[in-house]
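Fold and geometry: a report
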Amino acid sequence: MNLNELTEFVKALGEKPFRAKQLYQWMHKNLAASIDEMTNLPGRFRENLKENAAFISLQQADVQISGQDGTRKYLFMLEDENVIESVLMRYKFGNSACISSQAGCRMGCRFCASALGGFVRNLTPSEMLDQVYRIERGIGERISHVVVMGTGEPFDNYDALLRFLTLLSDENGQNIGQRNITVSTCGIVPNIYRFADEKLQITLAVSLHAAFQEKRERLMPVALRYDLKELLDACKYYFSKTGRRITFEYALASGENDSASDAEELSRLLSGINCHVNLIPVNPVKERAFTASGHSFVLAFKNKLEKNGINVTIRRELGRDIDAACGQLRKRYIENAGRTAVHSPIGQTIDALEHTDRFSRTDDTKNTGRQVEVMRSSSITDIGMHRKMNQDSVYASDAPVGNLPNLYLVADGMGGHNAGEYASRHTIETIVSSAGDSPHTRPETILEEAVCRANKELLAMAADHPSMWGMGTTIVAAVITKDKIYAANVGDSRLYIVNDGICQVTRDHSFVEEMVRRGEIDRESARNHPDKNIITRAVGAVEEIETDLFETELKTGDKILLCSDGLTNMVEDFEIYNIIKEQEDTARAAEELLHAANRNGGRDNITVIVIDPFSDRA
Ligand code: SF4
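**Regarding the overall build of the chain**
For the chain, the helix and strand inventory stands at 19 helices and 24 strands. Put simply, the chain has 618 residues, and 49% of those count as buried. Residue pairs in contact within the chain that sit at least 24 positions apart in sequence constitute 69% of those at least 6 positions apart.

**Structural notes on the packing of helix α6 (residues 189-197) against helix α9 (residues 228-242)**
Between two packed helices, the angle of one axis relative to the other and the distance separating the axes together describe the packing. Two elements in contact, α6 and α9, have axes whose closest approach is 9 Å; the angle formed by their N-to-C orientations is 5°. In terms of orientation, α6 and α9 fall into the roughly parallel class. In this structure, α6 uses V189, I192, Y193, F195, A196 and D197 to contact α9, whose residues at the interface are E230, L231, A234, C235, Y237, Y238, K241 and T242. Of the residues in the contact of α6 with α9, the class split is 10 nonpolar, 1 polar and 3 charged.

**Things to note about the sheet that holds strand β19 (residues 484-490)**
Strand order across the open sheet formed by 5 strands is β16-β17-β18-β19-β22, with antiparallel pairing between neighbours. A strand with exactly one partner marks an edge of an open sheet, and here the two such strands are β16 (392-397) and β22 (548-553). Taken pair by pair, the neighbouring strands of this sheet meet at an average axis angle of 10°, ignoring direction. Across 7 bridges, the pairing between strand β17 (residues 407-414) and strand β18 (residues 472-480) is antiparallel. Each residue of the ladder has a partner; that of A411, found in β18, is I475.

**Structural notes on unusual backbone geometry**
Keep in mind that most residues, glycine aside, have a negative phi and that most peptide bonds are trans. In this structure, L31 takes a positive phi of about 60° despite not being glycine. Position of L31 among the secondary structure elements: in the loop between α2 (18-28) and α3 (43-52). Despite not being glycine, K199 shows a phi value in the positive range, around 55°. Take K199: it is sitting in the loop between α6 and β9 (203-207).

**Focus: the sheet that holds strand β15 (residues 376-382)**
The antiparallel open sheet is built from 5 strands, whose spatial order is β15-β24-β23-β20-β21. Looking at strand neighbours, the two that pair on one side only are β15 and β21 (502-504), the edges of this open sheet. Neighbour to neighbour, the strand axes of the sheet diverge by 20° on average, direction disregarded. Note that strand β23 (residues 559-563) and strand β24 (residues 606-612) share 4 bridges and pair antiparallel. Note on β24: the bridge partner recorded for L561 is V610.

**A look at the environment of H426**
Its location among the elements puts H426 in helix α13 (residues 419-437). With 28 residues separating them in the primary sequence, H426 and A454 have C-alpha atoms 7.6 Å apart.

**Notes on the pairing of β23**
Counting buried positions over the 5 residues of β23 gives 5, a clear majority of the element. Of the two faces of β23, the one lined by K559, L561 and C563 and the one lined by I560 and L562 are each fully buried.

**Considering the confidence of the model for the chain**
In regions of low pLDDT, the predicted coordinates are not meant to be interpreted in detail. With 88% of its residues at a pLDDT of 70 or more, the chain shows a mean pLDDT of 85. Contacts for the low-pLDDT stretch residues 338-374, under 50 throughout, to residues beyond four places or in other chains number 84 contacts.

**Section: the pairing of β18**
A regular strand places its side chains so that they alternate between the two faces of the sheet. Where burial is concerned, most of β18 is hidden: 9 out of the 9 residues are buried. Burial of the side chains of β18 extends over both faces: G472, T474, V476, A478 and I480 are buried on one face and T473, I475, A477 and V479 on the other. The loop that links β18 with its antiparallel partner β19 comprises 3 residues.

**Section: the environment of N390**
Among the structural elements, N390 can be located in the loop between β15 and β16. Through-space distance from the C-alpha of N390 to that of G420 is 8.9 Å; in sequence the pair is 30 residues apart. Apart from the residues within four sequence positions on either side, N390 is in contact with T381, I383 and N605.

**Quick look at the environment of V83**
When you line up the elements, V83 lands in strand β3 (residues 83-91). On the basis of neighbour counts, which here come to 25 C-beta atoms within 10 Å, the residue V83 falls in the buried class. Taking the C-alpha atoms as reference, V83 lies 9.3 Å from Q59; in sequence the two are 24 residues apart.

**Examining the packing of helix α1 (residues 3-12) against α2**
Interhelical geometry of α1 versus α2 gives an angle of 125° and a closest axis separation of 8 Å. As judged from the angle between their axes, α1 and α2 are oblique. Handedness of the crossing formed by α1 with α2: right-handed. Of the residues in α2, those in contact with L3, L6, T7 and V10 of α1 are R19, A20, K21, L23 and Y24. Broken down by class, the residue content of the contact of α1 with α2 amounts to 6 nonpolar, 1 polar and 2 charged.

**With respect to helix α4 (residues 125-139)**
Along its 15 residues, α4 runs 22 Å from first to last C-alpha, staying within 8% of the 21 Å computed at 1.5 Å per residue. Within α4, 11 of the 15 residues are buried, which leaves the element mostly enclosed by the surrounding structure. Of all the residues in α4, the buried ones are P125, S126, E127, M128, L129, D130, Q131, V132, Y133, R134 and I135. Elements in contact with the buried residues of α4: β1 (59-65), β2 (72-77), β3, β4 (94-98), β7 (143-148) and α5 (158-168). Among the residues trailing α4, G140 stands out with phi positive, at a value near 70°.

Thresholds applied
Residues numbered from 1 in each chain as written. Predicted model: local features only at pLDDT ≥ 70, side-chain atom pairs only at ≥ 80, totals over all residues. Helix = DSSP H or I, 4+ residues; strand = E, 2+ residues; numbered from the N terminus. Buried ≥ 20, exposed ≤ 12 C-beta atoms within 10 Å, placed from the backbone. Contact = placed C-beta atoms within 7 Å. Axes fitted to C-alpha atoms, helices over the stretch in contact; angles between N-to-C directions. Parallel < 35°, antiparallel > 145°, perpendicular 65-115°, else oblique. Nonpolar A, V, L, I, M, F, W, Y, C, P; charged D, E, K, R; others polar. Pairing = 2+ DSSP bridges. pLDDT = per-residue confidence, 0-100. Left-handed = near helix turned anticlockwise from the far one by under 90°. Expected span 1.5 Å × (residues − 1).

Written out as structure tokens, the structure is:
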């Protein structure tokens, strides 16, 4: 809340308006971590606050301190037990905090560890602010600069970002000058225009990473949506409105984007734009195939840009002796602790003083008045051992999505020129958004309509972009209520129930499955049939899509598995059964399934969601 909103809030509590200023100072200037620390507020007012507001403060779960340069990498735990990363960098000009704007990220940049676990949820303005406040409190020194460059795409969480920036630069709070704040985007063009029109004095950093459109599409799926020309036009507009020089980030990966022709093309693209290029040798991420360009390549690249009149620096690598790459500390923590990322619906935010216990055991959904059980799911997606890109997408929300009590989706895309990746991701985004907006209450109706809308959107996209002709995706969706599971299916991604045995609930829409149904081959022959990957239905294939819908009773002890065929082609059903039975924890089960598929050859992308509907019902 800003000071005006806080004043209204304080008045509504029956307190004098001047108390709002005191409260605001405690929160934003004195950086109090609890209401009890606000010692000059009357005890009665503090009790009143505790009853009517929740004071959110991040918990420090881990910190790594670089012995080389004092860089500190923090892992903060949010109220819902998701974890985020923030970094303190120490420069001669002052202390700079790099903060996250989302838990996870859905942009899927290929060299980024933050994208590996997918998107979890947006951060609230207070969760962004508290990263700065916690660091400042911890070191006892002022933070003079802030970069929004950690996990997440800030422009995918635009409204919260804007409120955060306003509070951060407020003279009654930390008063960090706008010129000392940088916001980094992977290139969400409409929000660059929107941001320009806010007429702030904030530096815009754009992750470019490739000067050729096709190469950029391969590295950054966002480029499929907004091409280089659109992006650079938006950057020029930003400069024209703010007068702020644009920073272009360019991560150099060996043999990928570091050649002389890449440097030439980059110079050509940026010529005439008031900008600065930051070259960053890419941080190696174990799950990704990229390695950093050698020093001589980095220097040669820099020299070529300079010769062509482009301002360029090589970014000093801080914290090399700790988990430096964005997202790695968080990923390691989740892996080591066997934790499950707690997914919540896209776009859902909670403001500082409006916290509700969204993850309590029974949660009134407001819309329907239904009681919703808490579930624990774990999702994971992996490129496998042979594919060059991951065309699978996954979404898992244990929390309500519109009128649905939860929602789980796996999609396996197909199509050249990155179209498969786009198809699966866009289908999932459309289904989530359609379900979120749906006035219906029956899960089957909501799912069927959502798949239908995704189908229409893919067809329309392909009609406008010849390079996307032929793209499509499978989809398997699940919604779990107190005693039932509802599933929707198109293609050959599957849903299983595992309990005393393993039972495939969905039916594959594949060429060999139809041969099995017609009695032409048996199941065993189907497993190794050369045409087993030919599917007969896909989202984005025909105008009138037919979605199979299933409704099944749940029994105590049931576990649910949704997966792409990258798992089922590599791991036999009995092996899947054994893994899920042996691993009580859904995160470990998901990881074990993934490892089994890769151990057996990992020929395709692999995606799994393991759900334990009974985890909190004991
Ligand atoms: S680089 Fe940024 S935008 Fe891209 S996936 Fe990582 S966090 Fe998201």
